Structure formats: C-alpha cells, structure tokens
Amino acid sequence: MKKILIVEDDRVIQKIVIEILNHHFPEFHLLGAVSFVSEALEVIEKEAPDLLILDISLPDGTAFDLLRKIGFYNFKVVFMSGHEAFFEEAIQFSAVGFVKKPFESSDLVLAIDKACDAIDETDYHYKIEILLTNANLPAASQMVVFPTDDFNKAVSLSSILFGEAVAGGCIMHTDMGKQLFVPRPLRHYEQLFGNYGFMRCHPLYVVNLRKIESLDANNTAVWLDNGMQIPLEPRKYEIIKKRYYEIVP
C-alpha cells in the first residue's frame, strides 16, 4: 500500500487535504499531517512515504530546505503554494506537481494522479535536482524541464529563441541550433514564460523578445540575433515593439 504524508502548517488546509485523500484515494495509507520541516524529516526517515503533499513555506523553513536535508529519497511530491510566485514558477519550470492555494478539489486530485503516474519515473530525481538549482537562480536564468516522448530534457530559459506550434505539440528552438519537440501545446509555454519576455508574435510562434535583432520593415517578420527569421503577424507589430523596448536595455 502506497503511503502519503501531508506537510502543511495550516490546520484548515490539512483537514481539506485529508478529506480529499480519504474520499478519492482510499487505496493510500495516510501517515498523517505535520507542520514543520523537522517533523517531516522524522516521519520520512521512519516511514519512507511514497508521496508528499508539501507546502512551500513552513514555519521553520521551505520545501526546498526539506528536500536538501534528505540524503536519499524515493518519493514523489505535490507542492502547494499560496503566494510565492517566484517559487511557483521554479516548480512549474521543473515540471513537477503543483497546486496553488486556494485550490479546487479537482486540482489536487489531478496533481496527485499525475504524481502517482510518476512514481516509477526513472528520472524524477533529475527534475528535483533542477528544481533545487532553480530555487537559487533568478527566473531568467532558470532551467526548464521539457517532458519529451523519450526523456525529460532541461534547457536554460535564456537559451530559447522561440517556440513553434506543430501537430501534437510544439518545437522549442534554442540558440545552440537545437530543436526539441515537446508533446504539449505552445499556449502552455506562452503562459508559463509570459513574465520573462516571451510573446506570441504569430498564431504559430512565441518569441523570446531578448533574442530579437530587428523587426521587418513591412511588419511581416522577426529577425533574431542568430540570423533566423520567423513570421510576424502585422497587427502584433506595435505591441511586440513596445514590449521589446520595455525589457531590452
């Protein structure tokens, strides 16, 4: 029987999560709920849970502090957060489970289901290592884990030139000349990268504004600093130009 531990200091949230687990996941053994990093360490060492429902901010540290203190772990994590936007994006960049508080029951159920699917994932530790690295970096320098068909691939956000929508997902083009097919829609990354200088310049393209060299005089193309050209929807010209000058010195 798989074991779940809740690490959350808000008693109301604890109760809500317990009710959701009892109702939707009766096949799991609930180890209980703890409020501190120190308490979580003790339970993890003693009980070896398969899954943590883990709040980012705790009274004696963060979720990242907890993970760094564990020498070896063989569990998956669903992170919860109320307002720590920077940490939220670090988690989402790392492609691990996450729900934002306050959450709907269905949000947590879906996140737990995904975590359960990942229990036998061989490179899950790779995702967590990327997450712990990202937690110490400014967002523009963070690594993004892309779930490809064969394996998870980490790419620096700053190295991405543009994303291209294609059948079955999207292709990420990097300044190293590499193309990475990702079986997720481009709109997912348009939203995820929106705060870091990425904009949709065409129905099929999302561009990194920091990689733009110039805009075509006829408002139909974007020239990138590596010499590549991608389409520009004419009606996007002014807003792309405005945003470019806002973020590029």
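Our subject is the structure that appears above.
Residues numbered from 1 in each chain as written. Predicted model: local features only at pLDDT ≥ 70, side-chain atom pairs only at ≥ 80, totals over all residues. Heavy atoms only, no water.

Asks: So what exactly am I meant to see when it comes to the nonpolar core here?
Replies: A general feature of soluble globular proteins is that nonpolar side chains tend to end up buried together. In this structure, Leu54, Leu66 and Phe79 are the most contacted members of the largest nonpolar core, which totals 30 residues. Sorting elements by how many residues they give to this core places helix α2 (residues 37-47) first, with 5 residues. The residues contacting Leu54, other than those within four sequence positions of it, are Val7, Ala63, Leu66, Val77, Val78, Phe79 and Met80. Core analysis: the next-biggest nonpolar cluster, separate from the first, contains 19 residues, Leu108, Val109, Ile112 and Ala115 among them. (Core = buried A, V, L, I, M, F, W, Y, C linked by side-chain atoms within 4.5 Å. Buried < 20%, exposed > 50% of the residue type's maximum accessible area, 1.4 Å probe, protein only. Helix = DSSP H or I, 4+ residues; strand = E, 2+ residues; numbered from the N terminus. Contact = heavy atoms within 4.5 Å.)

Asks: Looking at this structure, I do not really get a negative patch on the surface. What am I missing?
Replies: A surface patch of negative charge is lined by Glu39, Glu42, Glu45 and Asp60. Along the chain, Glu45 falls in helix α2. Of the residues examined, Glu45 reaches a relative accessible area of 66% and is grouped as exposed. (Patch = residues over 30% accessible without salt bridge, like charges linked within 9 Å, V, L, I, M, F, W, Y side chains within 5 Å. Areas by Shrake-Rupley, 256 points an atom, 1.4 Å probe, with all protein chains shown as cover. Salt bridge = Lys/Arg side-chain N within 4 Å of Asp/Glu carboxyl O. Lys, Arg positive; Asp, Glu negative; His and termini not counted. Charge placed at Lys NZ, Arg CZ, Asp CG, Glu CD.)

Asks: Help me out: how do you make sense of the packing of aromatic side chains in this one?
Replies: The description of an aromatic ring pair uses the distance of the two centres, along with the angle that the planes make with each other. A complete count under the given rule lists 7 aromatic pairs for this structure. Ring geometry for Tyr189 and Phe193: centres 5.6 Å apart, planes at 40°, overall tilted. The burial state of Tyr189 is the same as that of Phe193; both residues are buried. With centroids separated by 5.1 Å and ring planes inclined at 55°, the aromatic side chains of Phe193 and Phe198 adopt a geometry described as tilted. There is no split in this pair, since Phe193 and Phe198 are both buried. Each residue in the set Phe146, Tyr189, Phe193 and Phe198 is aromatic and connected to the rest through ring pairs, giving one cluster. (Phe/Tyr/Trp six-rings, centres within 6.5 Å; stacked < 30°, edge-to-face > 60°.)

Asks: Help me understand the pairing of strand β16 (residues 221-224) in this model?
Replies: Consecutive residues of a regular strand have side chains that alternate between opposite faces of the sheet. Note that strand β15 (residues 212-215) and β16 share 3 bridges and pair antiparallel. Residue pairing across strands places Ile212 opposite Leu224, the latter belonging to β16. Joining the antiparallel neighbours β15 and β16 is a turn of 5 residues, in which Asn219 adopts a positive phi near 65°. As paired elements, β16 and strand β17 (residues 229-231) share 3 bridges and run antiparallel to each other. Residue pairing across strands places Ala221 opposite Pro231, the latter belonging to β17. Between the antiparallel neighbours β16 and β17 lie 4 residues, among them Gly227 with a positive phi of about 95°. (Pairing = 2+ DSSP bridges.)

This is a description of form; function is not addressed.
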